[in-house]
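Structural overview
The residues making up each chain are set out below.
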Amino acid sequence: MPENPLCPLLPAVIPNVLAERYASPALQAIWSAEGRIVLEREFWIAVMKAQRELGLDIPEEAIAAYEKAKDSVDPGSIMARERVTRHDVKARIEEFNDLSGHEHIHKGMTSRDLTENVEQLQVYRSLLAIRDKSVAVLHRLRCRAEQWADLVITARTHNVAAQPTTLGKRIAMFGEEMLSAFHALEDVIARYPVRGLKGAVGTQMDQLSLFNGNAEQVLDLEKRVVNHLGMPCVWTNVGQVYPRSLDFRVVSVLTDLASGPSSFCRTLRLMAGHETASEGFAPGQTGSSAMPHKMNSRSCERVNGFHVILKGYLAMASGLAGDQWNEGDVSCSVVRRVMLPDAFFAIDGLFETYLTVLDQMDAYPAVIGKENAHYLPFLMTTTIMMEAVKAGVGRETAHKAIKEHAVATVNDLRAGKTTVNDLVARLANDERIPLDQAALAAIVAEGESNAGAARAQITHFEREINAIEKRYPKGAAYAPGAIL
């Protein structure tokens, strides 16, 4: 450990910001150094028990001694051993053997039989934790979509006013994007394959030697070990390491899961700028140290930042996929030690923050109503054009006439020549548009509550999420911890 220049007697402690500031205790526990060492020891014990049951000479009292010592974790002692061995696994073997007073672990195993399986167990358990938080997010998105299903707002494309939609429809839009990623997550979990006990190059040679060439016993041993890990699949034809394309698949689905929430938060930031909605503002919270009036969307900004981090780890994962030399090498090790835990810390912190946003966000119908009133005649121009076509005018003729008056109205509003959107009156006086003032006014009035098929689309989203909530009630009930 590097020396602390401020106090040479103390080691320099450099925190993992993602883990310590943003991730939940559950994810911290899975990836902590102490937690991993205990997982490794549990794995060694599971292998020993299976080997003993299949006939290897391993005393019962040795297994009991290892189990008694399992939770006695001293990372400093292990690090001191590693400075001598320059081999992390050898250091941990020596430490566990000395604690138990026996030498029965790691028989017929290579380092990767230990590290690959334990790392995969950490990944798999993290995927399950993220699945539950995904369900919590989808549950809240459903509730918010239902709450504001009929709140008509000005929809924007290219960030320019377009047509009416509802706030509930907008939320369901981003929710459905996340729902698609959630199904991909379920698929990754259902098909996640563990490496198993394959030996130095994947041929299980050393285990076969231990069991005198009895292939059935070796397969039985692996089956028992995989059962201990609790994963759904196992690689059969694998080398020293499992294919790093699997890590790419995992980080890809995490990045995919974050995409809908990130777009949602970017849009909520834009809405906050127009004062139509906000992420909420806690009592005592400060938006700016210089400008007392500010209520910044800092949590939404954090979600967007986490998504950038995840895309960075995705680039790291893509650099490892398809880069395996022969049966394996360890050039990936330094990348994976950072990429895997931190990708999970990032998505975990993102969800903790996003859940808080969804719990505390608010919408402001009065401001929304003013915005709608300003834009509504413009928002209904496509409907006016369709009604003109139905009345017998050519589409392009109608389009040209409406465009001329709409652009003129916008320019007059911007120049201050008028303070009222009088597009309807202008169109009523144009002989190219076969609709009178009353008909045009009725179309605009209908736009105050008509958002097309938005309500039916929201209902479809709600049904989809309800089904997921029933499958994962624990996830649906999850509540986030306090965020900084």
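Everything that follows concerns the structure shown earlier in this document.
Overview of the overall build of the chain
Regarding its fold elements, the chain presents 20 helices and six strands. The C-alpha radius of gyration computed for the chain amounts to 30 Å, which surpasses the reference 23 Å derived for 484 residues by more than 25%, pointing to a less compact arrangement than a globule. Here the C-alpha coordinates of the chain stretch approximately 100 × 55 × 40 Å along the principal axes. Taking as baseline every contact in the chain between residues at least 6 positions apart, the subset at least 24 positions apart corresponds to 78%. Here the chain contributes 52 positively and 59 negatively charged side chains, and the mean placements of these two sets differ by 3 Å.

As for the pattern of salt bridges
As enumerated under the stated definition, the model contains 36 salt bridges in all. The residue Glu 60 makes a salt bridge to Arg 52 at a minimum N-O spacing of 2.9 Å. Relative accessible area serves as the criterion here: at 45%, Glu 60 is assigned to the partly exposed category. Between Arg 81 and Asp 98 there is a salt bridge, with its nearest N and O atoms 2.8 Å apart. You can see Arg 81 sitting in helix α5 (residues 75-85) and its partner Asp 98 sitting in helix α6 (residues 88-100), a full 17 residues away along the chain.

Comments concerning the pairing of strand β2 (residues 160-166)
Where strand β1 (residues 152-157) lies against β2, five bridges are found, and the strand directions are antiparallel. The residue bridging Thr 157 from the neighbouring strand is Val 160, located in β2. Counting the residues in the hairpin turn of β1 and β2 gives two residues, including His 158, whose phi is positive at 60 degrees.

Comments concerning the state of the cysteines
Covalent bonding between the sulfur atoms of two cysteines defines a disulfide. Tallying each qualifying case throughout the model produces zero disulfides. This cysteine, Cys 143, is not joined by any disulfide, and Cys 265 carries the nearest cysteine sulfur, 17 Å off. Unpaired in this structure, Cys 300 has its nearest cysteine sulfur neighbour in Cys 265, at a distance of 3.8 Å. Relative accessible area serves as the criterion here: at 0%, Cys 300 is assigned to the buried category.

A few points about unusual backbone geometry
One non-glycine residue, Asn 159, adopts positive backbone phi at about 60 degrees. Its place among the elements puts Asn 159 in the loop between β1 and β2. On the basis of relative accessible area, Asn 159 is assigned to the partly exposed category, the value being 46%. We note that Asn 326 has phi near 50 degrees; this positive angle belongs to a residue other than glycine. Locating Asn 326 in the fold gives a position in the loop between α12 (298-320) and α13 (333-360).

Notes on the nonpolar core
Looking at soluble globular proteins, one finds that nonpolar side chains tend to be buried together. Within the largest apolar cluster, 107 residues are counted, with the highest numbers of intra-cluster contacts made by Leu 127, Leu 141, Leu 254, Phe 264 and Phe 344. Sequence-distant contacts of Phe 264, that is, excluding residues within four places in its chain, are made with Leu 141, Ile 171, Phe 174, Tyr 354, Leu 358 and Met 361. Core analysis: the next-biggest nonpolar cluster, separate from the first, contains 21 residues, Ile 384, Val 393, Leu 427 and Leu 440 among them.

Quick look at the packing of helix α15 (residues 381-390) against helix α16 (residues 395-415)
Direction vectors running N to C along α15 and α16 enclose 140 degrees, while the axes themselves pass 9 Å from each other. Comparing the axis directions of α15 and α16 gives the class oblique. As α15 packs across α16, the resulting crossing turns out to be right-handed. Between α15 and α16, the residues in contact are Thr 381, Ile 384, Met 385, Met 386, Ala 388 and Val 389 and Arg 395, Ala 398, His 399 and Ile 402, respectively.

Considerations on the packing of aromatic side chains
Here the structure, examined in full by the defined rule, presents eight aromatic pairs. Ring plane angle 25 degrees and centroid distance 6.0 Å describe the contact between Trp 31 and Phe 344, whose orientation is recorded as stacked. Taken together, the residues span a long stretch of sequence, with Trp 31 in helix α2 (residues 25-31) and Phe 344 in helix α13 at a distance of 313 residues. For the ring pair Phe 174 and Phe 264, a centre distance of 6.1 Å and an interplane angle of 75 degrees mean the geometry is edge-to-face. One end of the pair, Phe 174, is in helix α8 (residues 167-190); the other, Phe 264, is in helix α11 (residues 245-273), with 90 residues separating them in the sequence. Here Phe 174 matches Phe 264 in class, with each residue buried. One aromatic cluster is present, built from ring pairs that chain together Trp 44, Tyr 66 and Phe 96. We note Arg 244 situated over the ring of Tyr 242; from NZ or CZ to the ring centre the distance is 4.6 Å.

Notes on the packing of helix α7 (residues 111-147) against α11
Two packed helices can be described by the angle between their axes and the distance between those axes. The contact between α7 and α11 brings their axes to 12 Å, and the two run at 20 degrees. Relative to α11, the element α7 lies roughly parallel. Relative to α11, the crossing made by α7 is left-handed. Of α11, the residues touching α7 (which contributes Gln 120, Val 123, Leu 127, Ile 130, Ser 134 and Leu 141) are Leu 246, Val 250, Leu 254, Leu 257 and Phe 264. The class makeup of the residues in the contact of α7 with α11 is nine nonpolar, two polar and no charged.

A word on the side chain of Ser 278
For Ser 278, the position within the fold is in strand β5 (residues 277-278). For Ser 278, a relative accessible area of 17% gives the class buried. Polar contacts involving the side chain of Ser 278 include one to the side chain of Tyr 364, which spans 2.8 Å. For Ser 278, the residues in contact, after removing those within four places along its chain, are Leu 268, Met 361, Asp 362 and Tyr 364.

Definitions and limits used
- Residues numbered from 1 in each chain as written.
- Predicted model: local features only at pLDDT ≥ 70, side-chain atom pairs only at ≥ 80, totals over all residues.
- Heavy atoms only, no water.
- Helix = DSSP H or I, 4+ residues; strand = E, 2+ residues; numbered from the N terminus.
- Rg over C-alpha atoms; globule rule 2.2 N^0.38 Å.
- Contact = heavy atoms within 4.5 Å.
- Lys, Arg positive; Asp, Glu negative; His and termini not counted.
- Charge placed at Lys NZ, Arg CZ, Asp CG, Glu CD.
- Salt bridge = Lys/Arg side-chain N within 4 Å of Asp/Glu carboxyl O.
- Buried < 20%, exposed > 50% of the residue type's maximum accessible area, 1.4 Å probe, protein only.
- Pairing = 2+ DSSP bridges.
- Disulfide = S-S within 2.5 Å.
- Core = buried A, V, L, I, M, F, W, Y, C linked by side-chain atoms within 4.5 Å.
- Axes fitted to C-alpha atoms, helices over the stretch in contact; angles between N-to-C directions.
- Parallel < 35°, antiparallel > 145°, perpendicular 65-115°, else oblique.
- Left-handed = near helix turned anticlockwise from the far one by under 90°.
- Phe/Tyr/Trp six-rings, centres within 6.5 Å; stacked < 30°, edge-to-face > 60°.
- Lys NZ or Arg CZ within 6 Å of the ring centre and 35° of its normal.
- Nonpolar A, V, L, I, M, F, W, Y, C, P; charged D, E, K, R; others polar.
- Polar contact = N/O pair within 3.5 Å; in protein donor to acceptor, adjacent residues only side chain to side chain.

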